[in-house]
Amino acid sequence: LTDVESGKTRGLPETCVECSSVAVSPDGVILAADGGAGTLSMWNLPNGTGRRDISTGLPCINAIAFSPDGEILALSGGLFIQFWDPVKGSKLGEMKDPAGDVFCLAYSPMGDRIATAGGRVVVWDVETRTEVGVAEGDYEDAVFGIALSPDGEVAATACFDRKVRLMDVSGVGQ
């Protein structure tokens, strides 16, 4: 961990070697990272103390995202999307995308929906943990990155085919 202003390395003690995903809570207090083999690792920021490892039961962790209010941490791994309380370290629930692996996810600005992608882009209701709808796209390969616009109506996706696609997700599920 490097302080951008001073350039000094603050480092985290023994960070994961094969980390593929990280997220910082909206208040800047928690760093969550893929700890390898389905383990979620969390540290207190800014000093990097208090490492806590949680076994999620997932085969791996492909993506991590905090809800806009920081109260829920979403993870994806394999076919599953899990929701965790980042303070208590307790699992709040999970969803399954039977269509295939979920490689990335992004919360809507209000935190009421989450978009996930892998072989397809799906919008989910966070409270009920149900699929709201699928956003159709002309994907030739897997989607490895997704971001939602500030109004939550447009999804930008990055694919293995090196193409970025924009799609209207405002009407999904309506």
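Residues numbered from 1 in each chain as written. Predicted model: local features only at pLDDT ≥ 70, side-chain atom pairs only at ≥ 80, totals over all residues. Heavy atoms only, no water.

**Overview of the overall build of the protein chain**
- Helix and strand content of the protein chain: zero helices and 15 strands.
- For the protein chain, the C-alpha radius of gyration of 16 Å lies close to 16 Å, the compact-globule estimate for 174 residues.
- Counting only C-alpha atoms, the protein chain reaches 45 × 35 × 30 Å along its principal axes.
- When contacts within the protein chain are restricted to residue pairs at least 6 apart in sequence, long-range pairs at least 24 apart make up 36% of them.
- Both charge centroids of the protein chain, one from 13 positive and one from 25 negative side chains, sit 4 Å from each other. (Helix = DSSP H or I, 4+ residues; strand = E, 2+ residues; numbered from the N terminus. Rg over C-alpha atoms; globule rule 2.2 N^0.38 Å. Contact = heavy atoms within 4.5 Å. Lys, Arg positive; Asp, Glu negative; His and termini not counted. Charge placed at Lys NZ, Arg CZ, Asp CG, Glu CD.)

**A word on the packing of aromatic side chains**
- Applying the stated criterion across every chain yields a total of two aromatic pairs.
- When the ring of phenylalanine 144 is compared with that of phenylalanine 160, the centres are 6.0 Å apart and the planes differ by 65°; the resulting orientation is edge-to-face. Of this pair, phenylalanine 144 sits in strand S13 (residues 143-148) while phenylalanine 160 sits in the loop between strand S14 (154-159) and strand S15 (164-168), and the two are 16 residues apart along the sequence.
- Overall, the relative accessible area of 44% leaves phenylalanine 144 in the partly exposed class.
- Ring pairing ties together the aromatic residues Phe103, Phe144 and Phe160, which thus form one cluster. (Phe/Tyr/Trp six-rings, centres within 6.5 Å; stacked < 30°, edge-to-face > 60°. Buried < 20%, exposed > 50% of the residue type's maximum accessible area, 1.4 Å probe, protein only.)

**Digging into the sheet that holds strand S9 (residues 102-107)**
- Strand order in the open sheet made by the four strands is S9-S10-S11-S12, with antiparallel pairing throughout. The strands lining the two open edges of the sheet, one partner per strand, are S9 and strand S12 (130-135). Pairs of neighbouring strands in the sheet enclose a mean axial angle of 25°, with direction left out of account.
- Strand direction decides the pairing type here: S9 and strand S10 (residues 113-118), joined by five bridges, are antiparallel. (Pairing = 2+ DSSP bridges. Axes fitted to C-alpha atoms, helices over the stretch in contact; angles between N-to-C directions.)

**Observations regarding the sheet that holds strand S3 (residues 39-44)**
- Strand order in this open sheet of four strands is S1-S2-S3-S4, and the pairing throughout is antiparallel. Each end of this open sheet is capped by a strand with a single partner; those strands are strand S1 (22-24) and strand S4 (49-55). The mean angle between the axes of side-by-side strands here comes to 15°, regardless of whether they run parallel or antiparallel.
- As defined by bridge partners, strand S2 (residues 30-34) adjoins S3 across five bridges and the pair is classed as antiparallel. Bridge pairing in S3 links leucine 31 to tryptophan 43.

**Quick word on the side chain of serine 108**
- Note on placement: serine 108 falls in the loop between S9 and S10.
- At a separation of 2.9 Å, a polar atom in the side chain of serine 108 contacts the side chain of aspartate 112.
- Contact partners of serine 108, with chain neighbours within four places excluded, come to Pro68, Arg113 and Leu148. (Polar contact = N/O pair within 3.5 Å; in protein donor to acceptor, adjacent residues only side chain to side chain.)

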